Amino acid sequence: MKQAIDRLVERLDGRAPEMALVLGSGLGSLAGEVENAVRIPYGELPGFPESGVTGHAGEVVAGRLSGTDVLVLSGRAHYYEHGNAAAMRPVLETLAGIGIGKLLLTNAAGSLREDMAPGSVMLISDHINFSGSNPLFGEPTDRRFVGMTEAYDAELRAGLKRAAVATGIDLHEGVYMWFSGPSFETPAEIRMARVLGADAVGMSTVPEVILARFLGLRVAACSVITNLAAGMTGQELSHDETKEVAPLGGRRLAAILKAMLAEGRTG
Ligand code: HPA
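Attention here is on the structure that accompanies the text. (Residues numbered from 1 in each chain as written. Predicted model: local features only at pLDDT ≥ 70, side-chain atom pairs only at ≥ 80, totals over all residues. Heavy atoms only, no water.)

1. Considerations on the pairing of strand β3 (residues 59-65)
For clarity, the threshold we go by: Burial classes: relative accessible area under 20% of the type maximum marks a residue as buried, over 50% as exposed, and values in between as partly exposed (1.4 Å probe, protein chains only). The secondary structure listing takes helices from DSSP runs of H or I that are at least 4 residues long and strands from runs of E that are at least 2 residues long, numbered from the N terminus. Paired strands, in this sense, are two strands between which DSSP finds at least two bridges.
Burial of β3 is extensive: six of the seven residues sit out of reach of the surface. Relative to β3, strand β2 (residues 35-41) is paired through five bridges, and the arrangement is antiparallel. Counterpart to E35 in the pairing with β3 is R64. Note: β3 against strand β4 (residues 68-74), seven bridges, orientation antiparallel. For V61, the partnering residue across the bridge sits in β4 and is V72.

As structure tokens, this is what we get:
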């Protein structure tokens, strides 16, 4: 880890970001809006993942966004790529190691609510880990017993809600249920997810939230809704649809994020 921290500090060249943003599907273009940017491919940073999913780049972009120093992570490792829920651990340890205290995660998700249509944005209030896995499997210290009662930071969430109001964009709020993927859910699984209290389903983010809390990072997360979940429309789901629809909600979420940064509403 020390190698990645040293390398990143060297490449940041005096920049001192307080917040990191992980860009999921549809948010990629936000990395291009960072000013005074330094771009560092994941390949230069030991332990950072090789990203194998189409629609995800794999670089760190550090600079200013809406007047705030940020570090943007374009591309993430997913559990379904290799079955390793801790694949993002070196990344988050590196962030914590350079003094970043706040993490904002974004993803694409399927909606369980008819009133939360494709193109909408959902602030994650809580999650259900339905994968059966955990990024802290194998962690030998008692620190592994991480409290998750207030996993999603109240101040960051309040800042995002205020930013949404300021931009006039609807920000839904709900529970995100982590399925391992990579196959999409069945209609029966979606009916189950609804009974269990989920509002959206997706294949990422939850391991990163657990790791963030383990490392003492404050974290918030938002989903871009790309589709109604399996069985809700009579149509088959596809990754192409996710990639096609994601930029619409992505633009809305990007506007909310920028408004939050501009107002210094990052808690
Ligand atoms: N299920 C799981 N992950 C997703 C979906 C979905 O319907 N849409 C986008 N990511």
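More follows now that the structure is in view.
2. Observations concerning a nonpolar patch on the surface
The following threshold applies: Think of a patch as exposed residues, more than 30% relative accessible area, with no salt bridge, where like charges cluster within 9 Å and nonpolar side chains (Val, Leu, Ile, Met, Phe, Trp, Tyr) cluster within 5 Å. Residue exposure ignores everything except the shown protein chains as possible cover, and the areas themselves are Shrake-Rupley values with a 1.4 Å probe. Salt bridges, as used here, are contacts in which a Lys or Arg side-chain nitrogen is within 4 Å of a carboxyl oxygen on Asp or Glu.
Together, F130, V195 and L196 give the surface a local cluster of nonpolar side chains, amounting to about 310 Å² of exposed area. Along the chain, L196 falls in helix α5 (residues 187-196).

3. Structural notes on the side chain of H127
Here is the rule we go by: Definition of a polar contact: a pair of N or O atoms within 3.5 Å, with one able to donate and the other able to accept a hydrogen when the atoms are protein atoms, and with sequence-neighbouring residues admitted only if both atoms are side-chain atoms. Any pair of residues with heavy atoms lying within 4.5 Å of one another is described as a contacting pair.
Looking at the secondary structure, you find H127 in strand β6 (residues 121-129). At 2.7 Å, the side chain of H127 forms a polar contact with the side chain of Y152. Setting aside residues no more than four positions away along its own chain, H127 makes contact with M148, Y152, V175, Y176, V206, V209 and I210.

4. A closer look at the site of the ligand
In plain terms, the rule: Throughout, the term near means that a residue has one or more heavy atoms lying within 4 Å of the molecule or strand in question.
Every residue close to the ligand is listed here: A108, A109, G110, F184, E185, V201, G202, M203, T226, N227, L237 and T242. One of the side-chain N or O atoms of E185 is found 2.8 Å from a nitrogen atom in the ligand. For the ligand, a nitrogen atom lies 2.7 Å from a polar atom in the side chain of N227. Within the complex, 96% of the 260 Å² of free accessible area of the ligand lies under protein.

5. Section: the environment of E155
On the secondary structure map, E155 appears in helix α4 (residues 154-167). Taking the C-alpha atoms as reference points, E155 and V219, separated by 64 residues in sequence, lie 9.7 Å from one another.

6. Quick word on the pattern of salt bridges
Within the structure shown, the criterion is met by 18 salt bridges. A salt bridge links R7 to E44; the shortest N-O distance between them is 2.8 Å. Of the two residues, R7 is situated in helix α1 (residues 2-12) and E44 in the loop between β2 and β3; the sequence distance between them amounts to 37 residues. Take E44: its relative accessible area is 28%, and that puts it in the partly exposed class. Several salt bridges share partner residues, and in doing so they unite R7, E10, R11 and E44 into one network.

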